[in-house]
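# Residue-level structural notes
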Amino acid sequence: GITSRNSGVIHAGIYYPPTSLKAKTCVRGSALLYEWCKSHGVAFKKTGKWIVGSDAETEELEALLNNATESGARGVRWATSSERSGENFKNLCATQGLYSEHTGIVDPYELTRSYEEAATASGALFLMNAKVLGIEKLSTGFQIETTRGALLAETVFNAAGLRSDEIAKLVGLEKYKIYPWRGDYFTWNSSQKFEQLIYPVKKKGDAGLGVHLTLSLDGSMRLGPDVTLVESRDIFDVPPNVNDKRTLFFNAAKKYLRHIRIDELTYDTCGIRPKLRSPQDTTDPDFVISQDQPGFVNLVGIESPGLTASLAIADDAVNLLY
């Protein structure tokens, strides 16, 4: 349920520590993803992205640019004076910003379907609606008990998202714990049209990037996601405080969107991130790509930029075995 609720942004690798798996797989995965989309007919658009701020946020923007450079992110630069005085900035409450040339958008459904089709063509079999009940280690691999019967596997990749810690526990690994952080989205129904994604400056210590403007391939606009730690991994309903949340979104967005009105915001949907970050943490832990037992590879805490990094993550996971 994570990929289906993804905002579909192809990230450049701006925010993550340069030596982290998040940074390395994002930068490499972005290039691989664009090539995959071209060669497999998956709809995408290289929109570009603005990270905008005021003069008081110069230091934070400089730090972001330096981090992007150290991480190897391509095409990230300061906005030029002509860009700051141009059409893009007229509708923004900002005096400066960074531009990410290689940020884009993709249809997550179409991308996932292309992965499934490519795997099936190579001989993979997908068994849907089969809940894993237990995993037993055998001398030749693993026996996996499911609601649709037993499976024998020489190798297991645990890529179960919000349930990846629970799957790891089935083979005796207690060291992982997923914390579900929910993010809601509102559709922005406006006569204004933006062609690039618009992000505020990320606040130090925040668990998210701040409420930002994302685009769909049809040109529609969404605000979000926000970030809230929740108790359940299964509740995707409209929040009971949706009107209060709409006010919070409006107040966050009007700091950088000059002409937004609260009556233009309509609740859309939500997603839940499978974070390894606890309420006490002040930073986000890195991706886990680890062969914790021979033939059993765990992929845990694969949140953003997981979609962008997916092909690079797959390479890293397979390479652990060879």
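These lines cover the structure that appears in this document, whether it is placed above or below. (Residues numbered from 1 in each chain as written. Predicted model: local features only at pLDDT ≥ 70, side-chain atom pairs only at ≥ 80, totals over all residues. Heavy atoms only, no water.)

The subject of this paragraph is the side chain of Ser 71. By the secondary structure assignment, Ser 71 is in helix α2 (residues 58–71). Among the residues examined, Ser 71 registers a relative accessible area of 10% and is labelled buried. (Helix = DSSP H or I, 4+ residues; strand = E, 2+ residues; numbered from the N terminus. Buried < 20%, exposed > 50% of the residue type's maximum accessible area, 1.4 Å probe, protein only.)

Glancing now at empty space enclosed by the protein. Counted under the stated rule, the structure contains two cavities of 30 Å³ or more. The computed volume of the largest cavity comes to approximately 40 Å³. Forming the walls of the largest cavity are His 11, Ala 12, Val 27, Ser 30, Arg 74 and His 102. Estimates place the volume of the second largest cavity at around 30 Å³. His 11, Ala 12, Gly 13, Ile 14, Tyr 15, Tyr 16, Lys 49 and Thr 103 together form the lining of the second largest cavity. Residues that form the lining of the second largest cavity fall into these classes: four nonpolar, three polar and one charged. (1 Å grid on protein atoms, 1.4 Å probe; cavity = no way out; pocket = protein on both sides within 12 Å on 5 of 7 lines; lining within 4 Å. Points joined across faces, edges and corners; volume = space filled by probe spheres on them. Nonpolar A, V, L, I, M, F, W, Y, C, P; charged D, E, K, R; others polar.)

The peptide bond linking Gly 224 to Pro 225 adopts the cis configuration, its omega dihedral lying at 0 degrees. You can see Pro 225 is positioned in the loop between β14 (221–223) and β15 (228–229). A positive phi is found at Asn 129, a non-glycine position, where the angle reads about 50 degrees. Looking at the element boundaries, Asn 129 is found in the loop between α5 (108–121) and β7 (132–138).

Spatial strand order, β10-β18-β17: three strands in an open sheet with mixed pairing. Strands at the two margins of the open sheet, each flanked by one partner only, are β10 (156–158) and β17 (288–293). Between one strand axis and the next, the sheet turns through 20 degrees on average, direction left out of account. Of the strand pairs in this sheet, β17 and strand β18 (residues 296–300) are connected by five bridges, and their pairing is antiparallel. The partner of Ile 289 across the bridge, within β18, is Leu 299. (Pairing = 2+ DSSP bridges. Axes fitted to C-alpha atoms, helices over the stretch in contact; angles between N-to-C directions.)

A separate point is helix α1 (residues 21–40). The principal kink in α1, of about 30 degrees, is found at Gly 29. The inward-facing, buried residues of α1 abut β1 (9–10), β2 (44–45), α2, β6 (104–106), α5 and α8 (306–319). Where α1 ends, the next residue or the one after it, Gly 41, has phi of about 65 degrees, a positive value. (Bend = angle between axes of the 7 residues up to and from the residue. Contact = heavy atoms within 4.5 Å.)

Glancing now at the environment of Asn 189. The topology assignment puts Asn 189 in the loop between β11 (179–188) and β12 (197–200). Separated by 71 residues in the primary sequence, Asn 189 and Ile 260 place their C-alpha atoms 9.5 Å from one another. At 3.1 Å, the side chain of Asn 189 and the side chain of Thr 266 are in polar contact. (Polar contact = N/O pair within 3.5 Å; in protein donor to acceptor, adjacent residues only side chain to side chain.)

Another aspect to go through is the packing of α1 against α5. The axes of two packed helices give the description: the angle between them and the distance between them. Between α1 and α5, whose axes approach to 11 Å, the crossing angle comes to 75 degrees. Judged on the interaxial angle alone, α5 and α1 are roughly perpendicular. For the pair α1 and α5, the contacting residues are Leu 33, Trp 36 and Cys 37 in the first and Leu 111, Ser 114, Tyr 115 and Ala 118 in the second. Broken down by class, the residue content of the contact of α1 with α5 amounts to six nonpolar, one polar and no charged. (Parallel < 35°, antiparallel > 145°, perpendicular 65-115°, else oblique.)

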